[in-house]
Amino acid sequence: MEWFNLVDATYRSDLRELNELNFQRFDAKLEQRLAEQDRKWEQRLAHLETRLIRWMFLLLPLLPPTPTDAAARGHCLPAAQS
């Protein structure tokens, strides 16, 4: 009976070691994939930001001026006469 317990303990130890190795490989692959996805999202966001800024500068001159824009440029409206 002692021999069976010894063999069982050996198999358990081997199985535990194998599981730890497999988990380490899985964890390394997961970290690599997450890093790749993070890099892809950063690239996509940078591209989106570039496109938005481009559109902003393209459309900004087309907007009608506001009274504060006119005052900032030194074009004050004439005072109302009473």
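The coordinates are above.
What counts as what
- Residues numbered from 1 in each chain as written.
- Predicted model: local features only at pLDDT ≥ 70, side-chain atom pairs only at ≥ 80, totals over all residues.
- Heavy atoms only, no water.
- Helix = DSSP H or I, 4+ residues; strand = E, 2+ residues; numbered from the N terminus.
- Buried < 20%, exposed > 50% of the residue type's maximum accessible area, 1.4 Å probe, protein only.
- Areas by Shrake-Rupley, 256 points an atom, 1.4 Å probe, with all protein chains shown as cover.
- Phe/Tyr/Trp six-rings, centres within 6.5 Å; stacked < 30°, edge-to-face > 60°.
- Lys NZ or Arg CZ within 6 Å of the ring centre and 35° of its normal.
- Patch = residues over 30% accessible without salt bridge, like charges linked within 9 Å, V, L, I, M, F, W, Y side chains within 5 Å.
- Salt bridge = Lys/Arg side-chain N within 4 Å of Asp/Glu carboxyl O.

Caption draft 1: Structural context of the overall build of the chain. Along its length, the chain carries two helices and zero strands. The buried share among the 82 residues of the chain stands at 0%. Accessible area of the chain: about 8,400 Å², with a carbon and sulfur share of 61%.

Caption draft 2: Focus on the packing of aromatic side chains. Scanning the entire structure with this criterion turns up one aromatic pair. The side chain of Arg44 reaches across the aromatic face of Trp41, ending 5.2 Å from its centre.

Caption draft 3: Up close: a nonpolar patch on the surface. A cluster of nonpolar residues, Ile53, Met56, Phe57, Leu60 and Leu63, forms a patch on the protein surface that exposes about 510 Å² of accessible area. By the element assignment, Leu63 lies in the loop between helix H1 (2-59) and helix H2 (67-72). For Leu63, a relative accessible area of 56% puts it in the exposed group.

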